Structure formats: C-alpha cells, structure tokens
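Here are the chains, one letter per residue:
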Amino acid sequence: MKSLFHFAFNVRDLDVARRFYGGVLGCAEGRSTDTWVDFDFFSHQISLHLGEPFKTERTGHVGDKLVPMPHFGLVLALPEWQAMAERLKAANTEFVLEPQVRFEGQPGEQWTMFFCDPFGNPLEIKGFRSLETLYAA
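Residues numbered from 1 in each chain as written. Predicted model: local features only at pLDDT ≥ 70, side-chain atom pairs only at ≥ 80, totals over all residues. Heavy atoms only, no water.

**Observations regarding the environment of Tyr21**
And then number 1: Relative to the helices and strands, Tyr21 is located in helix α1 (residues 14-24).
And then number 2: Discounting chain neighbours no more than four positions away, the residues touching Tyr21 are Phe9, Gly26, Cys27, Phe39, Ile46, Leu48, Phe72, Asp117 and Leu123.
And then number 3: A polar side-chain atom of Tyr21 sits 2.7 Å from a polar atom in the side chain of Asp117. (Helix = DSSP H or I, 4+ residues; strand = E, 2+ residues; numbered from the N terminus. Contact = heavy atoms within 4.5 Å. Polar contact = N/O pair within 3.5 Å; in protein donor to acceptor, adjacent residues only side chain to side chain.)

Okay, structure coming up:
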C-alpha cells in the first residue's frame, strides 16, 4: 500500500509562505483559508498554519556536522536533487549546510542540503543515485 505523508506546522505569514513553498520550491497550492494553506510537497501534503514556528536547535549530529532539530524534508533521485540545489542557489537561499555528498563510497551514500524557510523551519533535501539505497546499512 502506498501512503502519503501529512505534516502541519506554523508560519508567520501565508503570503511569504506562498512565495517560498510555491515559488521557490515549486509546490502546487491546494486548499486554504485565512489562517492556513495546503501545498503538494512533492506528492505529500503540508499544511501551513498561522502561528509561531517550532523552536529548533543545531543538536543533530550527522558525521562531523550539527544540523537543526527538529527538521523535515524530502528524498529525491539525484538528478532532481541537483535541479533543486540549483533552484535554491538561484533564489539566493542561505544554506545551513551547503549542498554536498556525505558517506561517499559507503552504503547510504547521499547528497544533502539543509536550509530554513523564511520562518526558521529547517528542511533537509537528500538525493540518492538510487532510491533503493535509502535504507542501506
């Protein structure tokens, strides 16, 4: 059975959120009211509600890097990841962790980048040569 993921979180301004999630990330907008908006986040549903975003801290140890926790994100095939990295660079995105490869030559080799939305919500986008290796140990 294929399942879809739903994640609801807070943003401070729906118009700014629309420009980022719709414009920069390219997500199609779904339903909305005056207090929330849904987006098709690469075939998953995110619901952005007006409110104060999660508190986050760089406490996640990944290799020798500290990454923001909590965070959410996306796993893409490598060509789509590369296109997303270029799209984010073109939008002058400030990266928490610049686009890079990690675990090179090991099981689980992946490309990653961390950045925050305009409200400080951290996202990680991962890229794999083959999505079949996502859980490789």
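**Examining the sheet that holds strand β3 (residues 36-40)**
And then number 1: Spatially, β1-β4-β3-β2 is the arrangement adopted by the four strands of the open sheet, whose pairing is mixed. In this open sheet, the two edge strands, each paired with only one partner strand, are β1 (6-11) and β2 (28-32). Across the sheet, the axes of successive neighbouring strands diverge by a mean angle of 25°, strand direction being ignored.
And then number 2: Examined bridge by bridge, β1 and strand β4 (residues 45-50) share six bridges and lie parallel to one another. (Pairing = 2+ DSSP bridges. Axes fitted to C-alpha atoms, helices over the stretch in contact; angles between N-to-C directions.)

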